Amino acid sequence: MASINKEKCIGCGACVSICSEVFEMHEGKAKVKAQKNIPCVQEAIDSCPVDAISK
Ligand code: SF4
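Because the structure is predicted, anything quoted here is derived from the model rather than measured. (Residues numbered from 1 in each chain as written. Predicted model: local features only at pLDDT ≥ 70, side-chain atom pairs only at ≥ 80, totals over all residues. Heavy atoms only, no water.)

Colleague: Where do I start with the site of the ligand in this structure?
Modeller: Taken together, 13 residues sit near the ligand, with C9, C12, G13, C15 and C48 positioned nearest. In the shell around the ligand, the residues fall into 11 nonpolar, two polar and no charged. (Near = heavy atom within 4 Å. Nonpolar A, V, L, I, M, F, W, Y, C, P; charged D, E, K, R; others polar.)

Colleague: Help me understand the pattern of salt bridges, please; the structure alone is not making it clear to me.
Modeller: Should the charged atoms of two oppositely charged side chains come close, the side chains can pair. Taken as a whole and judged by the stated rule, the model has two salt bridges. Notably, a salt bridge pairs E21 with K36, separated by 3.2 Å at the nearest N-O pair. Placement of the pair is E21 in the loop between helix 1 (14-18) and strand 2 (23-26) and K36 in the loop between strand 3 (29-32) and helix 2 (40-47), with a sequence separation of 15 residues. Here K31 makes a salt bridge to E24, at a shortest N to O gap of 3.3 Å. Classification of E24 by relative accessible area gives partly exposed; the value is 27%. (Salt bridge = Lys/Arg side-chain N within 4 Å of Asp/Glu carboxyl O. Helix = DSSP H or I, 4+ residues; strand = E, 2+ residues; numbered from the N terminus. Buried < 20%, exposed > 50% of the residue type's maximum accessible area, 1.4 Å probe, protein only.)

Colleague: Help me understand the nonpolar core, please; the structure alone is not making it clear to me.
Modeller: The nonpolar side chains of a soluble globular protein tend to be buried with one another. Of all hydrophobic cores here, the largest spans 15 residues; its most connected members are I4, C15, C19, F23, V41, A44 and I53. Here this core gets four residues from one element, more than from any other, and that element is helix 2. Sequence-distant contacts of A44, defined by excluding residues within four places in its chain, comprise C15, I18, C19, F23 and I53. (Core = buried A, V, L, I, M, F, W, Y, C linked by side-chain atoms within 4.5 Å. Contact = heavy atoms within 4.5 Å.)

Colleague: Just to check I follow, could you spell out helix 2 for this structure?
Modeller: Each turn of an α-helix holds 3.6 residues, which means side chains three or four residues apart point in the same direction. Residues of helix 2 that are buried: C40, V41, A44 and I45. Buried residues along helix 2 cover an arc of 150° about the axis, so they all sit on one side. Buried-residue contacts for helix 2 involve helix 1, strand 2 and strand 4 (53-54). (Arc of directions from axis to C-beta.)

Colleague: Help me understand the environment of V41 in this model?
Modeller: Mapped onto the secondary structure, V41 falls in helix 2. Taking the C-alpha atoms as reference, V41 lies 13 Å from D51; in sequence the two are 10 residues apart. Beyond its immediate sequence surroundings of up to four residues, V41 is in contact with A2, C19, V22, F23, K36 and K55.

Given below as structure tokens:
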């Protein structure tokens, strides 16, 4: 289960670029639009500059 810490998220959009099947932008922050167990979730976690994504 991926989740976004909205307090930490700076809205850079990297996770959405990397894994648009799981993440989308909403009001300037990332949100999880669908829980999917696919490799790009980990790529997004590794790429988030503020470690806002966990699973
Ligand atoms: S990569 Fe991290 S900081 Fe950037 S939009 Fe996604 S959750 Fe927010």
